Amino acid sequence: NAGVTQTPKFRVLKTGQSMTLLCAQDMNHEYMYWYRQDPGMGLRLIHYSVGEGTTAKGEVPDGYNVSRLKKQNFLLGLESAAPSQTSVYFCASGLAGVDEQYFGPGTRLTVT
Amino acid sequence: GEDVEQSLFLSVREGDSSVINCTYTDSSSTYLYWYKQEPGAGLQLLTYIFSNMDMKQDQRLTVLLNKKDKHLSLRIADTQTGDSAIYFCAEIPSGAGSYQLTFGKGTKLSVIP
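Residues numbered from 1 in each chain as written. Chains lettered and ligands numbered in written order. Predicted model: local features only at pLDDT ≥ 70, side-chain atom pairs only at ≥ 80, totals over all residues. Heavy atoms only, no water.

Draft legend 1. Representation of the pattern of salt bridges. Residue and element names in this part refer to chain A. Across all of its chains, the model carries six salt bridges over all chains by this definition. Ionic pairing is found between R44 and D38, a salt bridge with its closest N-O pair at 2.9 Å. Side by side, R44 and D38 carry an identical accessibility label, which is buried. Counted as one network, the salt bridges with shared partners bring together R36, D38 and R44. (Salt bridge = Lys/Arg side-chain N within 4 Å of Asp/Glu carboxyl O. Buried < 20%, exposed > 50% of the residue type's maximum accessible area, 1.4 Å probe, protein only.)

Draft legend 2. Representation of the side chain of B:S18. Residue and element names in this part refer to chain B. Locating S18 in the fold gives a position in strand β3 (residues 18-24). Since its relative accessible area comes to 0%, S18 is described here as buried. Here T79 takes part through its side chain, which lies 2.7 Å from a polar atom of the side chain of S18. Non-local contacts of S18, meaning those with residues more than four positions away in its chain, are made with L10, V12, L74, R75, I76, T79 and L109. (Helix = DSSP H or I, 4+ residues; strand = E, 2+ residues; numbered from the N terminus. Polar contact = N/O pair within 3.5 Å; in protein donor to acceptor, adjacent residues only side chain to side chain. Contact = heavy atoms within 4.5 Å.)

Draft legend 3. The arrangement of the interface of chain B and chain A in detail. Each partner contributes residues to the interface: chain B has 19 residues there, and chain A has 19 residues. Interface area for chain B against chain A, summed over the two sides, is near 1,600 Å², with a carbon-plus-sulfur share of 62%. The interface formed by chain B and chain A contains zero salt bridges. Viewed at the interface, chain A and chain B are joined by two residue pairs in polar contact (both at pLDDT 80 or more). At the level of elements, β4 (31-37) and β5 (43-50) of chain B are the ones that each hand at least two residues to the side of chain B that touches chain A. Among the elements that make up the side of chain B that touches chain A, the one with the highest residue count is β4(B) (four residues). Taken together, the residues of the side of chain B that touches chain A sort by class into eleven nonpolar, seven polar and one charged. (Buried area = accessible area lost by both parts, 1.4 Å probe. Nonpolar A, V, L, I, M, F, W, Y, C, P; charged D, E, K, R; others polar.)

Nothing here speaks to function; it is all geometry.
Below, the structure written as structure tokens:
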């Protein structure tokens, strides 16, 4: 049982490049989330999903897209990376409701 | 929007108690959480408290909730160097249909040997 895994762990992009971050969970959780963590800002929700085939916007969705084609995977896409998207990205999943959210180890992204 | 406030830093000596404070704005929040983030890692749930409780104790951890003042605190007894981490207070605001957590900015706890 691996829990929540994220790939890649680190990435450096040039401005304008695109990439996809992959989140996978093996706990059969319905809810999945993408957060970004910036110094002094805490965690902010980018997008989330309440089940396979569903996605919704969080607090800071601009510049990102997501897809949840399979229940166990939640993909975060950057179509045209900008330096403001330099951050640490965390994926999380949960069963439902007020249950604990389980976090992945994070992806550190630098956009130059 | 809703806001969760925490002080950014706390430094304590090993063996002392640590108290990390948090204020939140949504009086309808049902659950309030404390997450711990160790360096280079994701967040892990430490403990949580239901809004109809005033206190919850779990080994070295004591959570106090003052609903009137919207104040939440986490006390760590006999603080150890392994407790050095960032601690996040979080709530699920009312109306958050997906149970999205709203986090504070985190309190960095440094334990001095």
